[in-house]
Amino acid sequence: ENKKPEVNIFDSNSTIDTSSIKLENEFGLMFSNLDGFNVIFKKQRNHNTYRRISILAASSTYNFIKGDDNSSLNFSLGITSGFEKRKPLRNNVYFYYGVEVALSFNNLSNSNNVRFIRINPGLRIPIGSFIKLNNNFKLGIELQPSIYSTFEIRSGDLSRIIPISLNASNNYADIFVTYAW
């Protein structure tokens, strides 16, 4: 006879043995457009909670206008850290939500020796869904409503750190693929 464990949610001494649950790790790529991507790592903490760390690996643009001495180079780098909770919807389809703290840096410089460094601390709420393609691969979509502030350092002068904005955004959806082991 296969007996399921009984759990009384009102009894603080009632527990489920989770020692037999294999905790999962995930590694993947997240794309929101063609000029940048995120590398994401997730580590399962318990049966439905995951720790998330994401690094904005590449986002850069170079503008050169022939005959114009005002070419520019922009580069961004960022990191987020937080957690997500997952809920199964159907067979192999999941919904998740979470919270992350974010920090990004943008370096903007041009040929006229004008340089700005922007520092963007923020808070993001990842909300998404994914499908398990098999035991290892997942494909999904994620929205990231966020609130963040922007501080600017002009031409390397650290004495002039200027708060320039407080923003809220969710102007894109990310598509991701992860590998689990």
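Computed from a prediction, not measured in an experiment: that's the story for all the values here.

**Some remarks on the nonpolar core**
Here is step 1 of the chain: Among the nonpolar cores identified, the biggest contains 5 residues, and these are Met30, Ile40, Tyr96, Phe130 and Phe176.
Here is step 2 of the chain: If near-sequence neighbours (up to four positions away) are discounted, phenylalanine 130 is found in contact with Arg86, Asn92, Val93, Tyr94, Tyr96, Lys138, Leu139, Gly140 and Phe176.

**A short note on the pattern of salt bridges**
Here is step 1 of the chain: Applying the stated criterion across every chain, the model contains 10 salt bridges.
Here is step 2 of the chain: Ionic pairing is found between lysine 138 and glutamate 26, a salt bridge with its closest N-O pair at 2.6 Å. Of this pair, lysine 138 sits in strand E8 (residues 137-143) while glutamate 26 sits in strand E1 (residues 25-33); the two residues are 112 residues apart in sequence, bridging distant segments of the chain. Here lysine 138 and glutamate 26 have matching classes, each one buried.
Here is step 3 of the chain: Its salt-bridge partner being lysine 42, residue glutamate 84 comes within 3.1 Å of it at the nearest N-O pair. Residue glutamate 84 is found in strand E4 (residues 72-90), and its partner lysine 42 is found in strand E2 (residues 36-44); the two are separated by 42 residues along the sequence.

**Description of the environment of proline 145**
Here is step 1 of the chain: With respect to the helices and strands, proline 145 occurs in the loop between E8 and strand E9 (146-154).
Here is step 2 of the chain: Between the alpha carbons of proline 145 and isoleucine 127 there is a distance of 8.2 Å; along the sequence they are 18 residues apart.

**Here's the deal with the packing of aromatic side chains**
Here is step 1 of the chain: Tallied over the entire structure, the rule returns 8 aromatic pairs.
Here is step 2 of the chain: Geometrically, the ring pair formed by phenylalanine 31 and phenylalanine 37 is tilted, given 6.2 Å between the ring centres and 45 degrees between the ring planes.
Here is step 3 of the chain: For phenylalanine 31, a relative accessible area of 37% corresponds to the partly exposed category.
Here is step 4 of the chain: Plain terms: the ring middles of tyrosine 96 and phenylalanine 176 are 6.3 Å apart, the flat faces sit at 70 degrees to each other, and that makes the pair edge-to-face. Taken together, the positions of tyrosine 96 in strand E5 (residues 93-110) and phenylalanine 176 in strand E11 (residues 173-180) put the pair 80 residues apart, joining distant regions of the chain.

**Description of the confidence of the model for the protein**
Low pLDDT marks regions whose predicted coordinates should not be analysed in detail.
Here is step 1 of the chain: Predicted confidence across the protein gives a mean pLDDT of 81, with 73% of residues reaching 70 or more.
Here is step 2 of the chain: Per-element mean pLDDT across the protein ranges from 69 in strand E10 (residues 161-169) up to 97 in strand E7 (residues 127-132).

**Side note on the side chain of aspartate 174**
Here is step 1 of the chain: Among the structural elements, aspartate 174 can be located in strand E11.
Here is step 2 of the chain: A distance of 3.0 Å separates the side chain of aspartate 174 from the side chain of glutamine 144, its partner in a polar contact.
Here is step 3 of the chain: Setting aside its immediate chain neighbours within four residues, aspartate 174 contacts Met30, Phe31, Ser32, Gly140, Ile141, Glu142 and Gln144.

**What to know about unusual backbone geometry**
Here is step 1 of the chain: We note that asparagine 92 has phi near 70 degrees; this positive angle belongs to a residue other than glycine.
Here is step 2 of the chain: Relative to the helices and strands, asparagine 92 resides in the loop between E4 and E5.

**Examining the side chain of glutamate 26**
Here is step 1 of the chain: On the accessibility criterion, glutamate 26 (1% relative accessible area) is buried.
Here is step 2 of the chain: At 2.6 Å, the side chain of glutamate 26 forms a polar contact with the side chain of lysine 138.
Here is step 3 of the chain: Residues within four places of glutamate 26 in sequence aside, it is in contact with Ile40, Phe41, Lys42, Tyr50, Arg86, Lys138, Thr178, Tyr179, Ala180 and Trp181.

The rules behind these values
Counting of residues starts from 1 at the beginning of each chain's written sequence and follows it residue by residue. Two thresholds apply to this predicted model, a pLDDT of at least 70 for residue-level local features and 80 or more for giving and counting side-chain atom pairs, whereas whole-chain, interface and lining totals are computed over all residues. Excluded from the side-chain calculation are hydrogens and water; included are all heavy atoms of the structure. We define the nonpolar core as a collection of buried residues of types Ala, Val, Leu, Ile, Met, Phe, Trp, Tyr and Cys that are connected through side-chain atoms lying within 4.5 Å of one another. Note on classification: 1.4 Å probe, protein chains only; a residue is buried when its accessible area is under 20% of the maximum for its type, exposed when over 50%, partly exposed between these limits. When checking whether two residues touch, look at their non-hydrogen atoms; a contact exists if any pair is within 4.5 Å. We define a salt bridge as a contact between a side-chain nitrogen of Lys or Arg and a carboxyl oxygen of Asp or Glu at a distance within 4 Å. Helix numbers and strand numbers start at the N terminus; a helix is a DSSP run of H or I with at least 4 residues, a strand a run of E with at least 2. Pairing of aromatic side chains requires ring centres within 6.5 Å, counting the rings of Phe and Tyr and the six-membered ring of Trp. Pairs whose planes differ by under 30 degrees are stacked, by over 60 edge-to-face, and all others tilted. The predictor reports its confidence for every residue as pLDDT, a score running from 0 up to 100. Counting of polar contacts relies on pairs of N or O atoms within 3.5 Å, with two restrictions inside protein: one atom must be capable of donating a hydrogen and the other of accepting it, and residues adjacent in sequence are counted only when both atoms are side-chain atoms.

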